[in-house]
Amino acid sequence: MAETVGLLGGGVIGGGWAARFLLGGWDARLYDPSPDAERVAGEMLANARRALRRLTLAPLPEEGALSVVRTPEEAADGAAFVQESAPEREGVKRDLLAAASRAADASVVFASSTSGLLPTRLAADMEHPERLTVGHPFNPVYLLPLVELCGGERTAPETLERAAAVYRGLGMRPLVVRREVDAFVADRLLEALWREALWLVADDVATVEEVDDAIRFGAGLRWASMGPFLTYRIAGGEAGMRHFMEQFGPALQLPWTKLTDVPELTGALLDTLAAQSDAQAAGRGVRELERLRDDCLVSVIQGLRAHDFGAGAVLAEHERALFAAAPAAGPGGDEAPLRLHSAVVAPEWIDYNGHAHESRFLQVFGDTTDALLRFIGLDLGAGGSYFTVETHMSHLGQARAEERLNTTTQLLGHDEKRLHVFHSLYRTGDGALLATAEQMLLHVDTQAERAAPAAPELLARIERIAAAHAELPRPDRAGRAISIPA
Ligand SMILES: NC(=O)c1ccc[n+]([C@@H]2O[C@H](COP(=O)([O-])OP(=O)(O)OC[C@H]3O[C@@H](n4cnc5c(N)ncnc54)[C@H](O)[C@@H]3O)[C@@H](O)[C@H]2O)c1
């Protein structure tokens with residue numbers, strides 16, 4: 001049964017948490033006094049679904065159900081975890097956490113999304129304050145993996161461990177702050193940059209767009225993979241960090257930055273910021289800008305996944321967990337043919353003809369083969385794998401954006417090293433056959449890099465599938481070769 005999260009506050013961050021939890025398979029009960037809360041959460045969820053479909057082909061858990069409730073007590077009652085994302089005012093958060101804590105079981109962990117308030121003070125009026133931690137996320141919560149955890153004076157160590165486990169289960173990267181400090185780690189860094197950005201505009205050194213360009217064409221590209229320390233180690237050349245510090249250390253004394261000095265937010269400065277920001281947005285609304293941001297983030301995270309690095313490594317690990325948790329087969333188990341994979345045609349699969357590019361069919365068949373290998377119990381860590389050595393595809397129909405697809409797999413033959421399979425790809429809506437792929441897979445000893453017999457457990461599983469498929473008629477297209485009859 002799905003677990004339930006209690007959400008207190010459903011604005012930019014609370015709506016993002018709703019999406020992260022719901023798409024992670026949790027039910028959510030949301031309390032927010034605003035009459036717009038349900039609409040905002042619904043719009044964020046739609047954007048989040050779209051982003052996640054582009055981000056990963058891994059089998060996501062069944063989406064949870066969102067209910068909007070009328071009191072903080074109702075949100076917390078029966079919840080397994082509570083996430084507070086009310087406005088950044090200590091009094092509001094303190095009252096809210098105190099009320100909700102009285103309705104929740106004593107074992108339920110509470111996390112506050114606060115950007116910098118101290119957890120000791122936020123927990124002051126709670127029942128069982130030892131179960132409060134800061135769980136500070138980053139916008140958009142449903143895509144960015146970082147969440148900072150910070151305990152207060154009374155926070156129990158297991159509160160941090162349990163919160164971290166919940167966040168990891170949602171594909172996030174918890175970072176535990178070592179001491180209770182204002183603004184934690186990330187916002188101290190961001191605040192310093194933001195102050196300088198405001199000074200640069202206030203002093204008429206740069207426009208808002210020029211400040212953004214100074215980041216996004218340079219350091220911002222690096223920051224997606226490496227923070228300042230690893231970056232500057234590389235900048236130090238072969239001698240590394242020590243050399244870098246010797247060379248640039250003296251420059252730290254120069255009066256380049258204004259540190260904690262803050263520009264006065266005069267009406268004139270606010271007018272300048274608003275006018276330049278409007279010009280920069282060029283008429284694009286917030287949801288449109290969010291989608292642009294999400295698409296770019298998806299591309300960056302996918303790029304990083306190819307290097308198993310940074311946020312890409314977090315995604316890869318989460319995908320492995322999702323694949324491991326997915327049912328090994330469709331509802332019918334050892335059915336004939338097997339039904340192991342389904343997919344939705346993502347908008348970026350569409351080519352200039354208005355339907356899915358042919359390479360995407362091979363991708364779906366490749367994912368079907370991966371599902372088959374998981375189904376027969378292949379353990380990639382065990383030193384053996386099946387490699388596809390030959391594919392013959394037939395393209396029979398077109399697939400358009402957002403259409404659901406599903407595949408079937410028939411085992412045509414096997415021996416101790418080879419699997420001969422036949423996949424068919426259907427449009428789920430009308431059952432139309434869109435493509436077929438016949439493949440030969442060869443079992444390889446991945447250390448020796450040569451063909452080798454599969455392990456006996458795998459062969460036993462394959463034998464069972466072969467027996468179940470023995471009576472299936474051979475598909476018409478099996479064994480076809482391309483030719484133009486004379
Ligand atoms: N916006 C960000 O980038 C960001 C990032 C990380 C953390 N945070 C933190 O997340 C929290 C929420 O920020 P936000 O940006 O989502 O603000 P927001 O203004 O978008 O949302 C706040 C929501 O809280 C609701 N609310 C008001 N009073 C409430 C109450 N008593 N109980 C429950 N809900 C109440 C409001 O109706 C609103 O929907 C803040 O603590 C903020 O510091 C914000």
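A. Representation of the overall build of the protein. Along the backbone of the protein there are 15 helices and 14 strands. Structurally, the protein occupies a C-alpha span of about 85 × 55 × 45 Å along its principal axes. Each of the 486 residues in the protein was classed as buried or not, and the buried ones make up 43%. Across the protein, the fraction of contacts at a sequence separation of at least 24, relative to all contacts at a separation of at least 6, is 70%. Total accessible area on the protein is roughly 26000 Å²; 54% of this is exposed by carbon and sulfur atoms. The average position of the 47 basic charges and that of the 68 acidic charges among the side chains of the protein differ by 2 Å.

B. Quick look at empty space enclosed by the protein. Per the stated rule, a full pass over the model turns up one cavity of 30 Å³ or more. Each pocket or cavity is described by its volume, and for the largest cavity that value is around 50 Å³. Along its surface, the largest cavity is lined by Leu 338, Leu 372, Ile 376, Leu 411, Leu 419, Val 421, Ile 462 and Ile 465. Only strand S12 (418–427) and helix H15 (456–469) provide two or more residues apiece to the lining of the largest cavity.

C. Molecular detail of the packing of aromatic side chains. Per the counting criterion, the structure on display carries seven aromatic pairs. The positively charged end of Arg 461 is found above the aromatic ring belonging to Phe 375, 4.4 Å away from the centroid.

D. Summary view of the domain arrangement of the protein. For the protein, the domain assignment lists domain 1 (4–184), domain 2 (187–306) and domain 3 (328–469). Taking only C-alpha atoms into account, the centre of domain 2 sits 45 Å from that of domain 3.

E. Examining the site of the ligand more closely. Inspection of the region around the ligand gives 22 residues, with Ile 13, Asp 32, Glu 88, Lys 93 and Ser 115 positioned closest. At a separation of 3.5 Å, an oxygen atom of the ligand approaches a polar backbone atom of Gly 11. Within the backbone of Val 12, one N or O atom sits 3.0 Å away from an oxygen atom of the ligand. Burial of the ligand by the protein chains amounts to 72% of its free accessible area of 830 Å².

F. Highlighting unusual backbone geometry. In this structure, the amide linkage connecting Asn 139 to the following residue, Pro 140, adopts the cis form with an omega of 0°. Within the element layout of this structure, Pro 140 appears in the loop between strand S6 (132–137) and strand S7 (146–151). The phi angle at His 128 is positive, at roughly 55°, despite the residue not being glycine. You will see that Glu 402, though not glycine, has its phi angle at about 75°, which is positive. Inspection of the secondary structure puts Glu 402 in the loop between strand S10 (384–395) and strand S11 (404–414).

G. Examining the side chain of Thr 409 more closely. On the secondary structure map, Thr 409 appears in strand S11. Among the polar contacts listed, one links the side chain of Thr 409 to the side chain of His 423, at a separation of 2.9 Å. Among residues more than four places away in sequence, those in contact with Thr 409 are Pro 337, Leu 338, Thr 368, Leu 372, Val 421, Phe 422, His 423 and His 469.

H. Fine view of the sheet that holds strand S5 (residues 109–112). Here we have eight strands laid out as an open sheet, ordered S3-S2-S1-S4-S5-S6-S7-S8, and mixed in their pairing. At either margin of the open sheet sits one strand with a lone partner, and together these are strand S3 (66–69) and strand S8 (173–176). The mean inter-strand angle of the sheet, taken between neighbouring strand axes irrespective of direction, is 25°. Together, strand S1 (4–8), strand S2 (27–31), strand S4 (81–84), S5 and S6 form the strand contacts of helix H4 (residues 90–103), whose direction differs from that of S5 by roughly 165°.

I. Region of the structure containing a nonpolar patch on the surface. Together, Leu 175, Val 185 and Leu 189 make up a nonpolar patch on the protein surface, roughly 250 Å² of accessible area in all. Along the chain, Leu 175 turns up in strand S8. What makes Leu 175 partly exposed here is its relative accessible area of 32%.

What counts, and where the lines are drawn
- Residues numbered from 1 in each chain as written.
- Predicted model: local features only at pLDDT ≥ 70, side-chain atom pairs only at ≥ 80, totals over all residues.
- Heavy atoms only, no water.
- Helix = DSSP H or I, 4+ residues; strand = E, 2+ residues; numbered from the N terminus.
- Buried < 20%, exposed > 50% of the residue type's maximum accessible area, 1.4 Å probe, protein only.
- Contact = heavy atoms within 4.5 Å.
- Areas by Shrake-Rupley, 256 points an atom, 1.4 Å probe, with all protein chains shown as cover.
- Lys, Arg positive; Asp, Glu negative; His and termini not counted.
- Charge placed at Lys NZ, Arg CZ, Asp CG, Glu CD.
- 1 Å grid on protein atoms, 1.4 Å probe; cavity = no way out; pocket = protein on both sides within 12 Å on 5 of 7 lines; lining within 4 Å.
- Points joined across faces, edges and corners; volume = space filled by probe spheres on them.
- Phe/Tyr/Trp six-rings, centres within 6.5 Å; stacked < 30°, edge-to-face > 60°.
- Lys NZ or Arg CZ within 6 Å of the ring centre and 35° of its normal.
- Domains from an automatic or database assignment.
- Near = heavy atom within 4 Å.
- Polar contact = N/O pair within 3.5 Å; in protein donor to acceptor, adjacent residues only side chain to side chain.
- Pairing = 2+ DSSP bridges.
- Axes fitted to C-alpha atoms, helices over the stretch in contact; angles between N-to-C directions.
- Patch = residues over 30% accessible without salt bridge, like charges linked within 9 Å, V, L, I, M, F, W, Y side chains within 5 Å.
- Salt bridge = Lys/Arg side-chain N within 4 Å of Asp/Glu carboxyl O.

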